[in-house]
Amino acid sequence: MIDIKNSDDLLAFIVTQSQTGNKAWFGFQQQKIVGIFMCYEMAKIHGYKMSPEEIVDYVISLNNKIYSKIIKGDPV
């Protein structure tokens with residue numbers, strides 16, 4: 001069971017996943033976990049000026065960029 005309560009827990013989870021040796025350490029399941037956490041955190045900070053749809057769309061776009069540019073190393 002994964003228990004992510006704050007940014008430190010999230011970072012620890014990501015580091016642990018990256019050290020598993022699994023090529024898909026930032027795969028769909030991990031992206032979902034990170035994305036859900038990010039949505040709640042963004043809503044706490046920006047919820048007064050962004051709609052829920054805008055927050056979710058932003059997080060999806062960010063997760064996709066993280067995956068393609070950082071994980072896969074696609075060119076800018």
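In the block above lies the structure referred to throughout.
Given the structure is predicted, the values throughout are model-derived calculations rather than measurements.

Draft legend 1. Spotlight on the overall build of the protein chain. Along the protein chain, the regular secondary structure elements total 3 helices and 0 strands. Each helix and strand of the protein chain, placed in order from N terminus to C terminus, yields the pattern α-α-α. On the principal axes, the C-alpha backbone points of the protein chain span a range of 40 × 35 × 15 Å. When the 76 residues of the protein chain are sorted by exposure, 22% land in the buried category. Taking the average place of the 8 positive charges on the side chains of the protein chain and the average place of its 8 negative ones, the gap between the two points comes to 7 Å.

Draft legend 2. Spatial organisation of the nonpolar core. Residues Leu10, Phe13, Phe26, Val34, Phe37, Met38, Cys39, Met42, Ile55 and Val59 constitute the largest nonpolar core, which totals 10 residues. Of all the elements in the fold, those that place two or more residues in this core are helix H1 (7-18), helix H2 (28-46) and helix H3 (52-71). Here this core takes 5 residues from H2, the largest share from any one element. The contacts of Val34, once residues within four sequence positions are left out, are Leu10, Ile14, Phe26 and Asn63.

Draft legend 3. Main features of the side chain of Asn63. Mapped onto the fold, Asn63 is located in helix H3. Residue Asn63 is classed as buried on the basis of its relative accessible area, which comes to 6%. Here Gln31 takes part through its backbone oxygen, which lies 3.0 Å from a polar atom of the side chain of Asn63. Every residue in contact with Asn63, bar those within four places of it in the chain, is listed here: Phe26, Gln31, Val34, Gly35 and Met38.

Draft legend 4. Here's a closer look at the layout of surface pockets. Roughly 170 Å³ of internal volume is contained in the largest pocket. For the largest pocket, the full set of lining residues is Phe28, Gln31, Lys32, Gly35, Ile36, Cys39, Val56, Val59, Ile60, Asn63 and Asn64. If you list the elements that add at least two residues to the lining of the largest pocket, you get H2 and H3. Examining the composition of the lining of the largest pocket, we find that 6 residues originate from one element, H2, more than from any other.

What counts, and where the lines are drawn
- Each residue is numbered by its place in its chain's sequence as written, counting from 1.
- With the structure being a predicted model, the display of local features is reserved for residues of pLDDT at least 70 and the display and counting of side-chain atom pairs for 80 or more, all residues being used for whole-chain, interface and lining totals.
- With hydrogens and water stripped out, all remaining heavy atoms of the structure feed into the side-chain values.
- Put simply, DSSP marks the helices as runs of H or I at least four residues long and the strands as runs of E at least two long, and each gets a number from the N terminus on.
- Here's how the labels work: a residue is buried when its accessible area is under 20% of the maximum for its type, exposed when over 50%, partly exposed in between, all with a 1.4 Å probe on protein chains only.
- Two residue types count as positive, namely Lys and Arg, and two as negative, namely Asp and Glu; His and chain ends fall outside the count.
- Note that the charge is assigned to NZ on lysines, CZ on arginines, CG on aspartates and CD on glutamates.
- Here, nonpolar core means buried Ala, Val, Leu, Ile, Met, Phe, Trp, Tyr and Cys residues that are tied together by side-chain atoms lying within 4.5 Å of each other.
- Pairs of residues are marked as contacts when any of their non-hydrogen atoms sit within 4.5 Å.
- For the purposes of these results, a polar contact is taken to be a pair of N or O atoms within 3.5 Å, where, inside protein, one atom must be able to donate a hydrogen and its partner to accept one; residues adjacent in sequence count only when each atom of the pair is a side-chain atom.
- The way it works is a 1 Å grid over only the protein atoms, where trapped points that fit a 1.4 Å probe form a cavity and open points with protein on both sides within 12 Å along at least five of seven lines form a pocket, and then any residue with an atom within 4 Å of a point lines it.
- Grid points are joined across faces, edges and corners, and a volume is the space filled by probe spheres set on the points.

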